[in-house]
Amino acid sequence: VILSEVPELLPAADALLARAATPAARDAIAARLDWWRRHARGRATVLDAPLDRRAAAAGLLSPAERALDALDKAGTAPIQGVVRYAEAAPGPGLWLMDGPDDDAACTTGQAAAGATLVVLGTGRGTGFG
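Please read these numbers as outputs of a predicted model, since none were measured by experiment.

Thresholds applied
Residues numbered from 1 in each chain as written. Predicted model: local features only at pLDDT ≥ 70, side-chain atom pairs only at ≥ 80, totals over all residues. Heavy atoms only, no water. Helix = DSSP H or I, 4+ residues; strand = E, 2+ residues; numbered from the N terminus. Buried < 20%, exposed > 50% of the residue type's maximum accessible area, 1.4 Å probe, protein only. Areas by Shrake-Rupley, 256 points an atom, 1.4 Å probe, with all protein chains shown as cover. Salt bridge = Lys/Arg side-chain N within 4 Å of Asp/Glu carboxyl O. Phe/Tyr/Trp six-rings, centres within 6.5 Å; stacked < 30°, edge-to-face > 60°.

### So, the overall build of the protein chain
Point 1. From N to C terminus, the protein chain includes six helices and three strands.
Point 2. The N-to-C order of helical and strand elements in the protein chain reads β-α-α-α-α-α-β-β-α.
Point 3. When burial is assessed residue by residue, the protein chain has 36% of its 129 residues classed as buried.
Point 4. Carbon and sulfur atoms make up 54% of the accessible area of the protein chain, which amounts to about 7,400 Å² in all.

Written as structure tokens, this is what we have:
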């Protein structure tokens, strides 16, 4: 199972790190979260921006709530580790795929990694499909 869209998960960093299966997995997750924070610094990104109208209309109250909602969609399994964009998971379980928070980009990375089924819960829908 692959969880993606790392920037969307940043406001739920503590909850994400708490799901790590091992200390090595936690370190790998922390490293990717830190990279995205550094990458966004000084750029026009939406990592810490207020919710857009669509998310607010869907009933979400904050970026943290949106991030926790995204993490909840992955179930309750521990995260085994991190794979790079389009890299196949090295074993069974839940893996975090490093990649942007864009529907088309994250699902393309999952398919390139060998995913045979992609479930993209968007709440209000998406143009990708």
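### Digging into the pattern of salt bridges
Point 1. If you walk through the whole model with that rule in mind, you get four salt bridges.
Point 2. As a salt-bridge pair, R32 and D98 come within 2.7 Å of each other at their nearest N and O atoms. On the criterion of sequence distance, the pair formed by R32 in helix α3 (residues 23-40) and D98 in the loop between β3 (94-97) and α6 (103-112) is long-range, its members being 66 residues apart. Here R32 matches D98 in class, with each residue buried.
Point 3. In this structure, R37 engages D34 in a salt bridge whose closest nitrogen and oxygen atoms are separated by 2.9 Å. Residue R37 and its partner D34 are located together in helix α3, separated by three residues, close to a single helical turn.
Point 4. Sharing partners across several salt bridges, the network here consists of R32, R84 and D98.

### With respect to the packing of aromatic side chains
Point 1. Enumeration over the complete set of coordinates arrives at one aromatic pair.
Point 2. Arranged with centres 4.9 Å apart and planes meeting at 85°, the rings of W35 and W36 form a pair that is edge-to-face.
Point 3. W35 sits in the partly exposed class, given a relative accessible area of 31%.
Point 4. Looking at W36, the relative accessible area reads 11%, which means it is buried.

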